[in-house]
Amino acid sequence: LVAVDLQKDFVDGALGSKEAAAIVPAACEKIRGFDGEIFVTLDTHYENYLSTPEGRKLPVRHCIKGSEGWQLDKNVLEALAGKKYTPVEKTTFGSVELPSLIAKAAGGEDFSVELIGLCTDICVISNALILKANFPEAQITVDASCCAGVTPARHEAALETMRSCQIDVR
């Protein structure tokens, strides 16, 4: 299970939305009920964020490492309590480190990956496409009920794009 960027700033902080807050209970239920390897990505920026290429295009300070907004949503953190999970800090939309971490965890065995989180149209789709490119034979699934986009329309567009790329959406 890959829980993408379920951080305070994306749920109810600097870039939060009512749609993002609405998926947290389902995401928490998915995490609590999951029996397997869990990877938790953390959008991670630094004090110089506004001077980075991303910061110039999205001039909203968010997920500054160590800040309250960078922390996982408190409900997600509670759902993860007692679970073994691997945090994966990433400084851009998709993690180039995630495929090697998943391959190592799989230990040469067949595996499937399910993604949940925020935002469907930015970081979820980026990570799903990176995983599909690295593991073209693996089943890659996105649970749409545990994801939210920047807007509902962008959420739906991202889901359709992922379907086009042979990522299962349910």
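None of the values given here were measured: they were computed from a predicted structure.

(A) View of the pairing of strand β5 (residues 139–148). Counted residue by residue, β5 has eight buried out of 10 residues, so it is predominantly covered. With six bridges connecting them, strand β4 (residues 112–118) and β5 associate as parallel partners. Paired with G117 across the two strands is C147, which belongs to β5. In this view, the connection linking β4 to its parallel neighbour β5 by way of helix α6 (residues 120–134) has right-handed handedness. One ladder, built from two bridges, connects β5 with strand β6 (residues 168–169); its direction is parallel. Across the sheet, V142 pairs through a bridge with V169, a residue of β6. For the handedness criterion, the β-α-β arrangement of β5, helix α7 (residues 152–164) and β6 is classed as right-handed.

(B) Region of the structure containing the side chain of D9. Mapped onto the fold, D9 is located in helix α1 (residues 8–11). At 6.8 Å, K8 is the nearest oppositely charged side chain to D9, a buried residue that forms no salt bridge. Discounting residues that sit within four places of it in the chain, D9 has contacts with A14, L15, G16, H62, C63, G69 and W70.

(C) Summary view of the packing of helix α5 (residues 98–106) against α6. Interhelical geometry of α5 versus α6 gives an angle of 55 degrees and a closest axis separation of 10 Å. Taken together, α5 and α6 sit at an angle that is classed as oblique. α6 is crossed by α5, and the crossing has right-handed handedness. Every residue of α6 that contacts α5 at L98, P99 and I102 is listed here: N127, I130, L131 and N134. Across the contact of α5 with α6, the residue classes break down as five nonpolar, two polar and no charged.

(D) Here's a closer look at α6. The first and last C-alpha atoms of α6 sit 20 Å apart over 15 residues, in line with the 21 Å expected at 1.5 Å per residue. Of all the residues in α6, the buried ones are T120, D121, C123, V124, I125, N127, A128, L131 and K132.

(E) Inspection of the layout of surface pockets at higher detail. Taken as a whole, the largest pocket spans an internal volume of roughly 320 Å³. If you trace the largest pocket, you find 18 residues lining it, with L15, L58, F93, I122 and V150 closest to the centre. Listed by contribution, the elements that provide at least two residues to the lining of the largest pocket are α3 (53–57) and α6. With three residues, α3 is the single largest residue contributor to the lining of the largest pocket. Its residues placed into classes, the lining of the largest pocket shows 11 nonpolar, four polar and three charged.

(F) Representation of the sheet that holds β4 within the structure. Read from one edge to the other, the open sheet built from six strands follows the order β3-β2-β1-β4-β5-β6, with strand pairing classed as parallel. Looking at the sheet topology across the chains shown, the edges are occupied by β3 (85–90) and β6. Note: strand β1 (residues 2–4) against strand β2 (residues 38–43), three bridges, orientation parallel. From the neighbouring strand, A3 faces β2, where its bridge partner is V40. Set on the sheet, α6 makes contact with β1, β3, β4 and β5; between it and β4 the angle comes to about 165 degrees. Of the strands in this sheet, β5 and β6 are in contact with α7, which crosses β5 at around 170 degrees.

(G) A look at the pattern of salt bridges. Going through the model one piece at a time under the given rule, you end up with 11 salt bridges. A salt bridge links K90 to D5; its shortest N-O distance comes to 2.9 Å. With K90 in strand β3 and D5 in the loop between β1 and α1, the pair connects residues that are 85 residues apart, well separated along the chain. Judged on exposure class, the residue K90 and its partner D5 are both buried. Between K30 and D143 there is a salt bridge; the shortest N-O distance is 2.8 Å.

How each quantity is defined
Residues numbered from 1 in each chain as written. Predicted model: local features only at pLDDT ≥ 70, side-chain atom pairs only at ≥ 80, totals over all residues. Heavy atoms only, no water. Buried < 20%, exposed > 50% of the residue type's maximum accessible area, 1.4 Å probe, protein only. Helix = DSSP H or I, 4+ residues; strand = E, 2+ residues; numbered from the N terminus. Pairing = 2+ DSSP bridges. Right-handed = clockwise from strand over helix to strand, strands pointing away. Lys, Arg positive; Asp, Glu negative; His and termini not counted. Salt bridge = Lys/Arg side-chain N within 4 Å of Asp/Glu carboxyl O. Contact = heavy atoms within 4.5 Å. Axes fitted to C-alpha atoms, helices over the stretch in contact; angles between N-to-C directions. Parallel < 35°, antiparallel > 145°, perpendicular 65-115°, else oblique. Left-handed = near helix turned anticlockwise from the far one by under 90°. Nonpolar A, V, L, I, M, F, W, Y, C, P; charged D, E, K, R; others polar. Expected span 1.5 Å × (residues − 1). 1 Å grid on protein atoms, 1.4 Å probe; cavity = no way out; pocket = protein on both sides within 12 Å on 5 of 7 lines; lining within 4 Å. Points joined across faces, edges and corners; volume = space filled by probe spheres on them.

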